[in-house]
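# Architecture and fold: a report
Here is what each chain is made of, one letter per residue.
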Amino acid sequence: MQQLYQAKDRVEAQLLRDYLADSGVEAVVLGDYLSGAAGELPAMQFPVIWLVHDGDRYRAERLLKQFQHLNREASEADWRCAVCGELSEGQFAICWQCGAERPDIEL
Ligand SMILES: [Zn+2]
């Protein structure tokens, strides 16, 4: 297994796990249940997403960036596609018309 990402809380970890699963990438969340298991563990114990299959790494990293982008930009205004000029709604990371990626997304 490979570590993909350290989430800021259990909710984010679960959302990301589901997001990956929707695209066929198997992942598990480890770490958050350790909190309180032993008295000397640090208070900040973040859940970590692990990839079940190492071969999913490249795809999972792309999905992770899309996931973070979607979360951050969910409430943003419409944007115009650089390829075909169509307007798409702020929550979409790709153009609804031609499928081109949103210009400001970093992949
Ligand atoms: Zn387009």
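Residues numbered from 1 in each chain as written. Predicted model: local features only at pLDDT ≥ 70, side-chain atom pairs only at ≥ 80, totals over all residues. Heavy atoms only, no water.

Attention now moves to the confidence of the model for the protein chain. Overall, the predicted model of the protein chain reaches an average pLDDT of 82, with 79% of residues at or above 70. Of all helices and strands in the protein chain, the one with the weakest mean pLDDT is strand β4 (residues 79-80) (85), whereas strand β3 (residues 48-51) scores best (94). (pLDDT = per-residue confidence, 0-100. Helix = DSSP H or I, 4+ residues; strand = E, 2+ residues; numbered from the N terminus.)

Okay, the environment of W79 next. By the secondary structure assignment, W79 is in strand β4. The spatial distance from the C-alpha of W79 to the C-alpha of C95 is 9.0 Å, given a sequence separation of 16 residues. If sequence neighbours within four positions are ignored, W79 has contacts with E86, L87, S88, E89, G90, F92, A93, I94, C95, A100, R102 and P103. Here the side chain of W79 touches E89 through a polar contact of 3.2 Å, landing on its backbone oxygen. (Contact = heavy atoms within 4.5 Å. Polar contact = N/O pair within 3.5 Å; in protein donor to acceptor, adjacent residues only side chain to side chain.)

Here the zinc ion is held by C81 (SG), C84 (SG), C95 (SG) and C98 (SG), and the distances to it run 2.3 Å. Because the angles between the 4 donor atoms bound to the zinc ion fall within 104 to 114°, the donor set is best described as tetrahedral. Each donor residue of the zinc ion lies on one chain, and together they are spaced C-x2-C-x10-C-x2-C. Linking C81 in the loop between β4 and β5 (87-88) with C95 in the segment after β5, this pair joins segments that are 14 residues apart in sequence. For C95, a relative accessible area of 2% translates into the label buried. (Donors = N, O, S within 2.8 Å, 3.2 Å for Na, K, Ca; no water. Tetrahedral: all angles 85-135°; square planar, octahedral: opposite > 155°, others 65-115°. Buried < 20%, exposed > 50% of the residue type's maximum accessible area, 1.4 Å probe, protein only.)

Here we take up the nonpolar core. Nonpolar side chains in soluble globular proteins tend to end up buried together. Counting 15 residues, the largest nonpolar core has L4, Y5, L16, L20 and I49 as its most contacted members. Those elements that place two or more of their residues in this core are β1 (2-6), α1 (10-22), β2 (27-30), β3 and α2 (57-73). In this structure, Y5 is in contact with E12, L16, P47, V48, I49, L64 and Q68, ignoring residues within four places of it in sequence. (Core = buried A, V, L, I, M, F, W, Y, C linked by side-chain atoms within 4.5 Å.)

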